[in-house]
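Here are the chains, one letter per residue:
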Amino acid sequence: MDLHCNVQACRKPLTGTLWVTSCSHSFCEEHASTLTLKNIKCPACNTALGKRFDVIRQNSNPAEDYRAMLLVGLRPEIVLDMAMRAVSFWNYQVEHELKFQLTSAKRSREIAEKSKTTNMSLMKQIASTKKTSDCNERLVGDLKSTIRQLKEQITYKDRQLKKVQHLFDSFKSKTSFLPQEVENTSDNDSFDPKHNEFHEKNAPKKTDFVFEPRFAPQ
């Protein structure tokens, strides 16, 4: 496992030179520029770092001769104390990295769930749009069929009209050669008062006869 810059916005792997603090945080060269000032605070936990060795610069991969001579001459308890402090620093960094990874995983799951919900909503919208599109396609097909039928009917009616027009023109051309009839009124059609008077005289006269029942009531 490599150390990372403890600035959340950076998270740069620290494979060469790094800066470490007494509060067990590590930083890259860029974000450690403020650590050289007096009365500074840790960028990660805001702890005051005013002592001389609260901030030191380290090499993550020191040379072999440096390793051989760094702890030479120190009493064993001092060496063990230094080793325990170094291991404690690494334990904190590992725990910090695990927390960061868990937080990132949780955030990723939340984003994934949100994306899943959004995708499901989009799928429903797509399905609804497809259903509407299919319905519109059916309506367009029905309209096209209706228009085609209307065109066929119009074509048929037009042919019938042309036939009737042709028959009418033919009949008109034939009747144009016939003589015109003159309407004559006969004398019998005129009103004759004497004739009417004769019929009135010979008409049967009305009587006052009343039919009596066969059997008279007793």
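Our subject is the structure that appears above.
Analysis parameters
Residues numbered from 1 in each chain as written. Predicted model: local features only at pLDDT ≥ 70, side-chain atom pairs only at ≥ 80, totals over all residues. Heavy atoms only, no water. Helix = DSSP H or I, 4+ residues; strand = E, 2+ residues; numbered from the N terminus. Buried < 20%, exposed > 50% of the residue type's maximum accessible area, 1.4 Å probe, protein only. Contact = heavy atoms within 4.5 Å. Pairing = 2+ DSSP bridges. Phe/Tyr/Trp six-rings, centres within 6.5 Å; stacked < 30°, edge-to-face > 60°. Lys NZ or Arg CZ within 6 Å of the ring centre and 35° of its normal.

**A look at the overall build of the chain**
Right, so step 1: Looking only at helices and strands, the chain features three helices and seven strands.
Right, so step 2: Secondary structure elements in the chain, listed N-terminal to C-terminal, are β-β-β-β-β-β-β-α-α-α.
Right, so step 3: Looking at the chain as a whole, 13% of its 218 residues are labelled buried.
Right, so step 4: Expressed as a percentage of contacts within the chain between residues at least 6 apart in sequence, the contacts between residues at least 24 apart total 45%.

**Re the pairing of strand 3 (residues 17-21)**
Right, so step 1: With respect to burial, strand 3 is a largely interior element, four of its five residues being buried.
Right, so step 2: The sheet contact formed by strand 3 and strand 7 (residues 55-59) spans five bridges and is antiparallel. Residue pairing for strand 7: Thr 21 is matched across the bridge by Val 55.
Right, so step 3: Examined bridge by bridge, strand 3 and strand 4 (residues 26-27) share two bridges and lie antiparallel to one another. Within strand 4, the residue paired with Trp 19 across the bridge is Phe 27.
Right, so step 4: Where strand 3 folds back on strand 4, the antiparallel hairpin that results is connected by four residues, among which Ser 24 adopts a positive phi of roughly 70 degrees.

**A word on the packing of aromatic side chains**
Right, so step 1: Under the counting rule described, the total for this entry stands at zero aromatic pairs.
Right, so step 2: Just above the ring of Phe 100 sits the side chain of Arg 11; from NZ or CZ to the centre is 3.8 Å.

**Focus on the sheet that holds strand 3**
Backbone hydrogen bonds are what pair the strands of a sheet, in a parallel or an antiparallel way.
Right, so step 1: The three strands lie next to each other as 4-3-7, forming an open sheet whose pairing is antiparallel. Two strands close off the open sheet at either side, each with one partner strand: strand 4 and strand 7.

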